[in-house]
Amino acid sequence: MAKHNLESENNLRRTKTKKTNRKNEGIPNELLSVTKKQREQRKEAFKSAILDYNLKQAPKTILITGCSGFIGSHLADALLAQGHRVLAIDNLSTGRLDNIRHLQENPDFNFACANMTYEVVLDRMASQADVIIHLAAAVGVKLIVERPVHTIETNVMGTEAVLQVGRRYGCRILIASTSEVYGKGNGIPYREDDDVVLGATSKSRWAYAASKMVDEFLGLAYQQEYNVPVVLLRLFNTVGPRQTGRYGMVIPRLVAQALTGEAITVYGDGMQSRCFCDVSDVVRAITGLVEHPEAPGRVYNIGGTEEIKILDLAKRIKALMDSPSEIVHIPYADAYPGGFEDMQRRVPDTNRIHELLGWQPKLSLDQILLRVRDDFKTQFAGEPKATQASVPTAKAS
Ligand code: UDP
């Protein structure tokens, strides 16, 4: 059973779907009543809308898988604000009900708690949808190293299930992939059509990248063979309110450490670098790709371009939070199990999405960090909790 508060989940489901019954597995009755004719009409409406992008601002029904996760919940907020209807599916394994609780009274939002492989639920929700945004995945380095079977099965089978229902009901499909796909990289910045270099299959951390590569291949194959419009989102390090450090993400971890006065943990020498992008900028990129008629059939890098070394990030967080925490170095061998290989640099080339949508990130790293700080302060009302990180053998920086 997923780690969540069952009572809260049932309350949410009861409030949201007054007309449901046990037989419907929490799916609103209205979702069950779609006729073949309605489905055909929706497909036609979407196709004709694609012919004229400028006329295509009509509200759509958008299914988000992994909707109670950090990115999914922000995406739901944005799409609802744009006037769309959002159907949400999530098994609450890493997502949190708290992330979508504020949407429970919204008549344009429907939530089902189910696994992606639960075909009845997925099929019925997809039958109502014009667009599916598939975010549900096993993510976070910690989870991937600890549960490789779960990672591979969730990522590959979940995407396959989404592509099948999307094809059945004529939906546009956006699939979240990851910058991990670039593996050890072949030159900075990473371009979408670059060759990739992954590590040996004996190192389970590469299972995540490989599973997402299969997702990308499968998505492009569905477009090529079955003419299903598929858009692939290669997300780089995304940060913002509601993100948890529980699964290894560096900024929420380090900000929480700085706010609680715990040691700020830098893995290795801290010379590895990343580019961070605020979730609001990522959401703007995704909503643009939902609409644009020429988006399908391609992979898009989505990420920030301001590169920073992790040690410098730790110093910046300490200064910005005015924190007494000391910065400590954790050897990789203590931070991750079994010969983990960390990426030294990860920088996206975002020209492709910029050329299509004119997209570029708006928020600076300092603005991102302050938003994360404010979120922690609100969440814990001045009592930020520890990062759930055990801090192994540390040496001061
Ligand atoms: N990292 C760190 N301290 C932490 C957590 C992460 O130094 O407490 C490092 C990690 O080794 C990596 C970078 O921060 O080099 C980004 O890690 P994250 O898990 O956020 O994302 P990744 O880019 O590895 O997917």
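Values in this document were obtained by computation on a predicted structure and should not be read as measured data.

1. So, the nonpolar core
- Ranked by internal contacts, the top residues of the largest apolar core, which has 104 residues, are Ile 64, Ala 76, Ala 88, Leu 233, Val 255 and Ile 286.
- Lining this core are residues from two domains, each supplying at least three of them: domain 1 (6–240 + 276–302) and domain 2 (245–274 + 308–343 + 363–396).
- Contact partners of Leu 233, with chain neighbours within four places excluded, come to Leu 174, Ile 175, Ala 176, Ser 177, Ile 286, Tyr 300 and Ile 302.

2. Observations concerning helix H5 (residues 119–126)
- Every buried residue of H5 is accounted for by Val 121, Leu 122, Met 125 and Ala 126. One face of H5 carries all of its buried residues, which in axial projection span an arc of 120°.

3. Here's the deal with the environment of Leu 259
- One can find Leu 259 in helix H9 (residues 250–260).
- C-alpha separation for the pair Leu 259 and Ser 325, spaced 66 residues apart in sequence, amounts to 8.3 Å.

4. Points about the site of the ligand
- Neighbouring the ligand are 14 residues, the closest being Gly 248, Met 249, Val 250, Thr 265 and Tyr 267.
- The set of elements that each furnish at least two residues to the shell around the ligand consists of H9 and strand E8 (264–267).
- No other element matches E8, which puts three residues into the shell around the ligand.

5. Description of the sheet that holds strand E4 (residues 131–134)
- Pairing in this open sheet of seven strands is parallel, and the strands run E3-E2-E1-E4-E5-E6-E11 from one edge to the other. With partners counted over all chains shown, the strands left at the sheet margins are strand E3 (109–113) and strand E11 (299–302), one partner each. Neighbour to neighbour, the strand axes of the sheet diverge by 20° on average, direction disregarded.
- Across five bridges, the pairing between strand E1 (residues 61–65) and strand E2 (residues 85–90) is parallel. If you follow Ile 62 over to E2, its bridge partner there is Val 86.

6. Quick word on unusual backbone geometry
- At the junction of Ile 188 and Pro 189, the peptide bond is cis and its omega measures out at -5° in the coordinates.
- A positive phi is found at Asp 322, a non-glycine position, where the angle reads about 55°.

7. Some details on helix H14 (residues 365–380)
- In a regular helix each residue adds 1.5 Å, so 16 residues correspond to 22 Å; H14 covers 23 Å between its end C-alpha atoms and thus fits that length.
- Along H14, the positions that sit buried rather than exposed are Leu 365, Ile 368, Leu 369, Val 372 and Phe 376. Mapping the buried residues of H14 onto a view down its axis gives an arc of 100°, with all of them on the same face. Exposed side chains of H14 directed beyond 90 degrees from the buried face belong to Asp 366, Gln 367, Asp 374 and Thr 378.
- For H14, the elements touching its buried residues are strand E7 (238–239), H9, strand E10 (277–278), strand E12 (307–309) and helix H11 (310–320).

8. Considerations on the packing of helix H7 (residues 148–169) against helix H8 (residues 206–226)
- The N-to-C vectors of H7 and H8 enclose an angle of 15°; their axes lie 9 Å apart at closest approach. The orientation of H7 relative to H8 falls into the category roughly parallel. Along this stretch, H7 crosses H8, giving a crossing that reads as right-handed. Contact with H7, carried on its side by Pro 148, Thr 151, Ile 152, Asn 155, Val 156, Thr 159, Glu 160, Leu 163 and Arg 167, involves Ala 207, Tyr 208, Ser 211, Lys 212, Val 214, Asp 215, Leu 218, Gly 219, Tyr 222 and Tyr 226 of H8 and no other residues of that element.
- When the residues that make up the contact of H7 with H8 are grouped by side-chain class, the tally is ten nonpolar, five polar and four charged.

9. A look at the pairing of E2
- Across the six residues that make up E2, a large majority, five, are buried.
- With respect to chirality, the unit in which E1 leads through helix H4 (residues 70–81) into the neighbouring parallel E2 is right-handed.
- As defined by bridge partners, E2 adjoins E3 across five bridges and the pair is classed as parallel. Its bridge partner lying in E3, Ala 88 is registered against Phe 111.

Conventions adopted
- Residues numbered from 1 in each chain as written.
- Predicted model: local features only at pLDDT ≥ 70, side-chain atom pairs only at ≥ 80, totals over all residues.
- Core = buried A, V, L, I, M, F, W, Y, C linked by C-beta atoms within 7 Å.
- Buried ≥ 20, exposed ≤ 12 C-beta atoms within 10 Å, placed from the backbone.
- Domains from an automatic or database assignment.
- Contact = placed C-beta atoms within 7 Å.
- Helix = DSSP H or I, 4+ residues; strand = E, 2+ residues; numbered from the N terminus.
- Arc of directions from axis to C-beta.
- Near = placed C-beta within 6 Å.
- Pairing = 2+ DSSP bridges.
- Axes fitted to C-alpha atoms, helices over the stretch in contact; angles between N-to-C directions.
- Expected span 1.5 Å × (residues − 1).
- Parallel < 35°, antiparallel > 145°, perpendicular 65-115°, else oblique.
- Left-handed = near helix turned anticlockwise from the far one by under 90°.
- Nonpolar A, V, L, I, M, F, W, Y, C, P; charged D, E, K, R; others polar.
- Right-handed = clockwise from strand over helix to strand, strands pointing away.

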